[in-house]
Amino acid sequence: MATEKEEVDYSLNNPDTLTKYKTAAQISEKVLAEVSKLCVAGEKIVDICEKGDKLIEEELTKVYRGKKITKGFSHPTTVSPSSFVTPYTPLAGDEKEAAVVLEAGEPVKIQLGAQIDGFGTFICDTVLVPEKDKAQDVVEGRSADLILATYYANEVLLRLMVPPGLLATGTDEEKAKAAAVKPPTQSKITSLLEKVAKAYDCNLVESTTSWLFERNEIEGKKKIVIAPGENTKGEGVPEVGEVWGVEMGVSLGSGKVKQYEQRPTLHRRTTTTYALKRPSSRKVLSEVQKKFGTFPFSLRQLEDERDAKSGVIECVRNNVFRQYEVVGDKDNAPVARLLTTVAITKNGLTRLGGPPALDLTKFKTDKKIEDEEILKILEQPLSRNTGKKNKKKKAAE
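Source: prediction; values computed, not measured.

*Asks:* Give me the lowdown on the overall build of the chain, citing residues and values where you can.
*Replies:* Of the regular secondary structure elements, the chain holds 10 helices and 16 strands. For 397 residues, the compact-globule estimate of 2.2 N^0.38 gives 21 Å, and the chain sits close to it at 22 Å. Dimensions of the chain along its principal axes, counting C-alpha atoms only, are 70 × 65 × 50 Å. For the chain, the proportion of its 397 residues judged to be buried stands at 51%. Only carbon and sulfur atoms are counted for the fraction: they give 49% of the accessible area of the chain, which is about 20300 Å².

Following this line, the structure appears as structure tokens:
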């Protein structure tokens, strides 16, 4: 009788892995839809974030019941105002920031996510804040330019994530030829996406980063950095068997960013160990380890906000926690962001979780993409039709 535990395969070769990612994604998408409804003019950001977190917790109780599997947040609910680029989650105890309300017409970025057994799916959508009790009209002008530029740039980026030749058809020779094509370099990816942004008189947000996801890790060994700033560069190319968080950021301004004065409240535990001196620091670390593992968390989510604010200082100073600064557009111009969690399989790219499909009929602008190379990329499929859905339909008839 074997006494050694069998090593669990956590790759996408194990169907359980994909199921866990998809379950986390369903929760993330369901809560995103509810939080989007809460984003109306006059509502406090801190209230929306708290309600979003509560919804994630409620949905997590409904899945994998009675199983010894960790479940939790892969990202807290964050709501970032117009010119903010990074996720923003104010504290109830900070009087000035807790009073911040949403303004009609501003593009707000909602980011959140759940994880099952360390497989995190987090997503981000940009919504234009409607007036209270007023249906959203057709969006025109610069707001339409921003949303459409972000949408199409995201669609192009997703297609550039598909490994060359993966979806090739034709003879074996033609398939081999397609597979031999080198994937686009990161500078090529940026130049293609710049064409999309410029078509709508917008700019890419500096250092917008897509990361390889792994179990308990949302910033893996590979990353794609679009419009890289100083001392930043991407590395690696997407391959079959990987899960990525694909991010797109577009600005009506220059796209350059600066650090904002708001308190950083978003943190994440690193793998660094250090003998913390302060009792409040040790208390915070212990709570974070139990509740969030190595996924991002907001100080707002900790039991005692006051203790959290003081305890986190030593943790950040000694690199036990990574602190996410509040960053926004340098010109305070409106920014839109999207984030999609995708799996790359032998059949192409699968959107595990992401923003809802955009109703393009609700956005009117006189601008459009005319670049042939971009239009050709947009025509490409993300995955091959395996015919499973068609078989199901026929069986039901």
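*Asks:* Let's hear about the pairing of strand 3 (residues 119-128): which residues, and what values?
*Replies:* Buried residues dominate strand 3, accounting for 10 of its 10 residues. What you see with strand 3 is no split at all: F119, T121, I123, D125 and V127 on one side and G120, F122, C124, T126 and L128 on the other are buried throughout. In the sheet, strand 2 (residues 107-116) pairs with strand 3 via 10 bridges, with the strands oriented antiparallel. Along strand 3, the bridge assignment pairs P107 with L128. Remark: two residues form the turn of the hairpin made by strand 2 and strand 3, two consecutive strands paired antiparallel; D117 in that turn has positive phi of roughly 55 degrees.

*Asks:* Describe the sheet that holds strand 11 (residues 297-298), with residues and values.
*Replies:* With antiparallel pairing, three strands are arranged side by side in an open sheet as 11-10-12. Edge strands, defined here as strands with exactly one partner in the open sheet, are strand 11 and strand 12 (321-324). In the sheet, strand 10 (residues 266-269) pairs with strand 11 via two bridges, with the strands oriented antiparallel. Each residue of the ladder has a partner; that of H267, found in strand 11, is F297.

*Asks:* Tell me about the nonpolar core, and please be specific about residues and values.
*Replies:* Residues L102, L112, L302 and F321 are the most contacted members of the largest nonpolar core, which totals 43 residues. For this core, the secondary structure elements donating two or more residues are helix 1 (15-38), helix 2 (45-60), strand 1 (71-80), strand 2, strand 3, helix 7 (279-292) and helix 8 (305-317). For L302, the contacting residues outside a window of four places in its chain are V284, E287, V288, K291, F292, F297 and A308. V156, L157, L158 and M248 belong to the second-largest nonpolar core, a separate cluster that totals 42 residues.

*Asks:* Could you give me a rundown of the packing of helix 7 against helix 8, with the residues and numbers involved?
*Replies:* One way to put it is that helix 7 packs onto helix 8 with a least axis distance of 7 Å and a crossing angle of 95 degrees. For the element pair helix 7 / helix 8, the angle class is roughly perpendicular. Taken together, the residues of helix 8 that come into contact with helix 7 (itself represented by S280, S281, K283 and V284) are D307, A308, S310, G311, E314 and C315.

*Asks:* Can you explain the packing of aromatic side chains? Please cite residues and give values.
*Replies:* In total, this model carries 10 aromatic pairs according to the counting rule given. With 6.3 Å between their ring centres and 55 degrees between their planes, F73 and F292 make a pair best called tilted. Here F73 is found in strand 1, whereas its partner F292 is found in helix 7, with 219 residues between them in sequence. Each member of the pair, F73 as well as F292, carries the same accessibility label: buried. Linked through ring pairs, F73, F292, F297 and F321 together constitute an aromatic cluster.

*Asks:* Let's hear about the pattern of salt bridges: which residues, and what values?
*Replies:* If you walk through the whole model with that rule in mind, you get 27 salt bridges. Here E34 ties to K37 by a salt bridge, and the two come within 3.1 Å at their closest N and O atoms. A residue pair is termed a helical-turn pair when its members lie 3 or 4 positions apart in one helix, as E34 and K37 do in helix 1 at three residues. A relative accessible area of 35% places E34 in the partly exposed class. Classification of K37 by relative accessible area gives exposed; the value is 58%. Note that K188 and E373 form a salt bridge whose closest N and O atoms lie 3.1 Å from each other. Here K188 is found in helix 6 (residues 186-199), whereas its partner E373 is found in helix 9 (residues 372-379), with 185 residues between them in sequence. For K188, a relative accessible area of 33% gives the class partly exposed. Given the relative accessible area of 33%, E373 is considered partly exposed. When salt bridges with common partners are traced through the structure, they connect R142, D145, D366 and K367 into a single cluster.

*Asks:* Talk me through the side chain of H75; I want residue IDs and the actual numbers.
*Replies:* Note on placement: H75 falls in strand 1. Within the local environment of H75, its side chain forms a polar contact with the side chain of Q111, the two groups lying 3.2 Å apart. Residue contacts for H75: discarding those within four places in its chain leaves I56, P87, Q111, L112, G113, F122, L266 and P296.

*Asks:* Run through helix 1, naming residues and quoting values.
*Replies:* Helix length check: helix 1, at 24 residues, gives a terminal C-alpha distance of 35 Å against a target of 34 Å (1.5 Å per residue), a fit within 8%. Those residues of helix 1 lying buried are T17, K20, Y21, T23, A24, A25, I27, S28, V31, L32 and V35. Between the side-chain oxygen of the N-cap and the backbone nitrogen of D16 there are 3.0 Å, and the N-cap of helix 1 in question is N14.

*Asks:* Which residues make up the state of the cysteines, and what values go with them?
*Replies:* Here the structure, examined in full by the defined rule, presents zero disulfides. C39 carries a free sulfur, and the closest cysteine sulfur to it, the one in C49, is 8.5 Å from it.

Criteria and cut-off values
- Residues numbered from 1 in each chain as written.
- Predicted model: local features only at pLDDT ≥ 70, side-chain atom pairs only at ≥ 80, totals over all residues.
- Heavy atoms only, no water.
- Helix = DSSP H or I, 4+ residues; strand = E, 2+ residues; numbered from the N terminus.
- Rg over C-alpha atoms; globule rule 2.2 N^0.38 Å.
- Buried < 20%, exposed > 50% of the residue type's maximum accessible area, 1.4 Å probe, protein only.
- Areas by Shrake-Rupley, 256 points an atom, 1.4 Å probe, with all protein chains shown as cover.
- Pairing = 2+ DSSP bridges.
- Core = buried A, V, L, I, M, F, W, Y, C linked by side-chain atoms within 4.5 Å.
- Contact = heavy atoms within 4.5 Å.
- Axes fitted to C-alpha atoms, helices over the stretch in contact; angles between N-to-C directions.
- Parallel < 35°, antiparallel > 145°, perpendicular 65-115°, else oblique.
- Phe/Tyr/Trp six-rings, centres within 6.5 Å; stacked < 30°, edge-to-face > 60°.
- Salt bridge = Lys/Arg side-chain N within 4 Å of Asp/Glu carboxyl O.
- Polar contact = N/O pair within 3.5 Å; in protein donor to acceptor, adjacent residues only side chain to side chain.
- Expected span 1.5 Å × (residues − 1).
- Disulfide = S-S within 2.5 Å.

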